[in-house]
Amino acid sequence: MPEELKPDICVIGGGSGGLTVAAAAAAFGVPVVLVEGGKMGGDCLNYGCVPSKALLAAGKTAATMRHAETFGIESVEPNVDFPGVIEHVRSVIAAIAPNDSVERFTAMGVRVIQEYGRFLDRETLAAGDFVIKPRRFVIATGSSPFVPPIPGLGEVPYFTNETIFENEKRPDHLIVVGGGPIGMELAQAHRRLGSKVTVIEGQRALGKDDPELTALVLDRLRGEGISIHEEAKVAGVSRGEGSGLIVRYETEGGEAEVTGSHILVATGRKPNLDRLDLGKAGVKHDKKGIKVNRALLTSNRKIYAIGDVAGGLQFTHVAGYHGALVVQSILFRVPGKENRDIIPWVTYTDPELAHVGLDENAARKRHRIIRVLRWPYAENDRAQAERKTDGMVKLITDRKGRILGADIVGAGAGEMINIFALAVAKKMKASDLRAFVPPYPTMTEMTKRAATSFSAPLARKPVVRRLIAFLRSFG
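If you're wondering where the values come from, they're calculated on a predicted model, not measured in any experiment. (Residues numbered from 1 in each chain as written. Predicted model: local features only at pLDDT ≥ 70, side-chain atom pairs only at ≥ 80, totals over all residues. Heavy atoms only, no water.)

Caption draft 1: Seen up close, the nonpolar core. Counting residues in hydrophobic clusters, the biggest one holds 37 residues, and the most contacted among them are Leu-55, Val-176, Val-199, Ile-228 and Leu-264. Contributions of two or more residues to this core are made by helix H3 (49-66), helix H4 (82-96), strand S10 (173-177), helix H6 (181-192), strand S11 (196-200) and helix H7 (211-223). Excluding residues that lie within four positions of it along the chain, Val-199 makes contacts with Val-176, Gly-178, Gly-179, Met-184, Ala-187, Ile-226, Ser-227, Ile-228 and His-229. Ranked by size, the runner-up nonpolar core spans 31 residues in total, among them Ile-9, Leu-34, Val-138 and Leu-313. (Core = buried A, V, L, I, M, F, W, Y, C linked by side-chain atoms within 4.5 Å. Buried < 20%, exposed > 50% of the residue type's maximum accessible area, 1.4 Å probe, protein only. Helix = DSSP H or I, 4+ residues; strand = E, 2+ residues; numbered from the N terminus. Contact = heavy atoms within 4.5 Å.)

Structural data, given as structure tokens:
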């Protein structure tokens, strides 16, 4: 006979969003059950953000060794121990895993059930030997790699982000199908670790970001020896001679093919819905995910959905943001409303590519008059000292100076975007950023310089020029 549980909250999924809700509820003494049949920590810890950044760090170290002569140090071609690199990746995961572990959450007071859950009706979930009837459900089951129906792909071995970090043999030639953030990050990491790399993208590589800035990233990747084919549709996959794998693709110029040793499929994500029996719970959904309103409520008013499974932006920090909104709604009866305009994102290639708010194209559609402010890395002293002068800060404001969005390409872009994320969230103006004093020399000075340039046209007005001249006359 299954044991019946009646907590206030049942969280389905132990990734970033689910753990946020479970931890917060437990901290307030609210009875909460967490149901997770896979690995605690979800995709980000085990297959995504953490291992990919660890691999990128190894690749960056190798690249630094190759170009040390820039600093008067002899350059060397690194001897890459690829199994050692993968062990480094695993050790990073292992160092973080206790934060997301069953033991830690049990100690917090969360009842963790290590089984997959499925709905029996609108108010009941079955998970292993348990039947759960909470006051509210939060579905946070995340997403998995989407593998398109490419002819022949099912007959050859291939990686996704869930399997590539298990590979201890360095690919001789990695063919990456998909030129989004995951594909381009792993392409650069493997290239720097000694693999030949080809990327095939059906549309524009890094197509979600501002093309003015992505051009700089793609130039760098091509300069490092990565072959990138854009507007190229994969037509089929087959085995070649020996252990070779052939990928055929079509472009405007006709059909072509490339032969490699390994294939990575990085063509997007799909929501994890299959095990849930959402129809029995009265939860509407489609292939993009569960349908929710701005408060993240589903068609069943007892059930929320957050993170990747909710069909919106697919980032770990978005799942955490969603989790906080749902906690606010459930525990404090103050409905939280999702605002996607305030969400930043970063592609961790070298150079990094970061964004928040409206890009130039979106801003022009929403506002009659905008200002586009730019500041180059080459005019920053810290960037010069570190020989990291390729890059740009691009700031978008309305005609009165309110910051609508920002894009940064260059070293440390993922760190610098934070101040613009705050500015967008709090509806700050360029004048607000002129008011802070960054330490010298730092890259962050560029954020202030970009904001300060909003006032440059004012300085060109005759009355202002006369005032400046008058003030200068006093020495």
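Caption draft 2: The environment of Glu-255, seen in detail. Secondary-structure assignment places Glu-255 in strand S15 (residues 254-260). Judged by relative accessible area, which is 53%, Glu-255 ranks as exposed. Remark: the alpha-carbon pair of Glu-255 and Val-234, spanning 21 residues in sequence, is separated by 9.5 Å. The residues contacting Glu-255, other than those within four sequence positions of it, are Ala-235, Arg-248, Tyr-249 and Glu-250.

Caption draft 3: Looking closely at the sheet that holds strand S14 (residues 245-251). An order of S13-S14-S15 is seen for the three strands of this open sheet, with the pairing classed as antiparallel. Every interior strand has two partners, whereas the edge strands, strand S13 (233-239) and S15, have only one. Here the strands of the sheet are splayed against their neighbours by 20° on average, with no regard to which way each runs. In this sheet, S15 lies alongside S14 in antiparallel orientation, the contact comprising seven bridges. Paired with Val-247 across the two strands is Val-258, which belongs to S15. (Pairing = 2+ DSSP bridges. Axes fitted to C-alpha atoms, helices over the stretch in contact; angles between N-to-C directions.)

Caption draft 4: A positive patch on the surface, seen in detail. A cluster of basic side chains, namely Arg-368, Arg-399, Lys-400 and Lys-429, defines a positive patch on the protein surface. Along the chain, Arg-368 falls in the loop between helix H10 (360-366) and strand S23 (370-376). Its relative accessible area of 77% is what places Arg-368 among the exposed residues. (Patch = residues over 30% accessible without salt bridge, like charges linked within 9 Å, V, L, I, M, F, W, Y side chains within 5 Å. Areas by Shrake-Rupley, 256 points an atom, 1.4 Å probe, with all protein chains shown as cover. Salt bridge = Lys/Arg side-chain N within 4 Å of Asp/Glu carboxyl O. Lys, Arg positive; Asp, Glu negative; His and termini not counted. Charge placed at Lys NZ, Arg CZ, Asp CG, Glu CD.)

Caption draft 5: Expanded view of the environment of Ile-182. If you trace the backbone, Ile-182 turns up in helix H6. On the basis of relative accessibility, which here comes to 39%, the residue Ile-182 falls in the partly exposed class. Spatially, the C-alpha atom of Ile-182 lies 24 Å from that of Asp-274, the residues being 92 residues apart in sequence. What Ile-182 contacts, discounting residues up to four positions off in sequence, is Asn-161, Ala-266 and Arg-269.

Caption draft 6: Region of the structure containing H4. Between its first and last C-alpha atoms H4 spans 22 Å; for 15 residues at 1.5 Å apiece the expected length is 21 Å, and the two agree. Taken residue by residue, H4 has Phe-82, Val-85, Ile-86, Val-89 and Ile-93 as its buried positions. Burial along H4 is one-sided: seen end-on, the buried residues are contained in an arc of 100°. Contact partners of the buried residues in H4: helix H2 (42-46), H3 and H6. (Expected span 1.5 Å × (residues − 1). Arc of directions from axis to C-beta.)

Caption draft 7: Examining the packing of H3 against H6 more closely. At their nearest, the axes of H3 and H6 sit 8 Å apart, and the two run at 40° to each other. Judged on the interaxial angle alone, H6 and H3 are oblique. The handedness of the crossing between H3 and H6 is left-handed. On H6, the residues that touch Ser-52, Lys-53, Leu-55, Leu-56, Gly-59, Lys-60, Ala-62, Ala-63 and Arg-66 of H3 are Glu-185, Leu-186, Ala-189, His-190 and Arg-192. (Parallel < 35°, antiparallel > 145°, perpendicular 65-115°, else oblique. Left-handed = near helix turned anticlockwise from the far one by under 90°.)

Caption draft 8: Quick peek at the pairing of strand S25 (residues 403-410). The buried count for S25 comes to eight of eight residues, which makes it a mostly enclosed element. Inspection of the sheet shows strand S22 (residues 352-357) paired to S25 by six bridges, in the antiparallel sense. Within S25, the residue paired with Val-356 across the bridge is Ala-406. Where strand S24 (residues 392-398) and S25 come together, six bridges link them in antiparallel fashion. Residue pairing for S25: Thr-397 is matched across the bridge by Ile-403. Linking S24 back to S25 in an antiparallel pair, the connection comprises four residues, with Gly-401 at a positive phi of about 100°.

Caption draft 9: Quick look at the side chain of Arg-192. If you trace the backbone, Arg-192 turns up in helix H6. With a relative accessible area of 7%, Arg-192 lands in the buried category. In this view, Arg-192 contacts Gly-59, Lys-60, Ala-62, Ala-63, Arg-66, Arg-220, Glu-224 and Asp-350; residues no more than four positions away in its chain are not counted.

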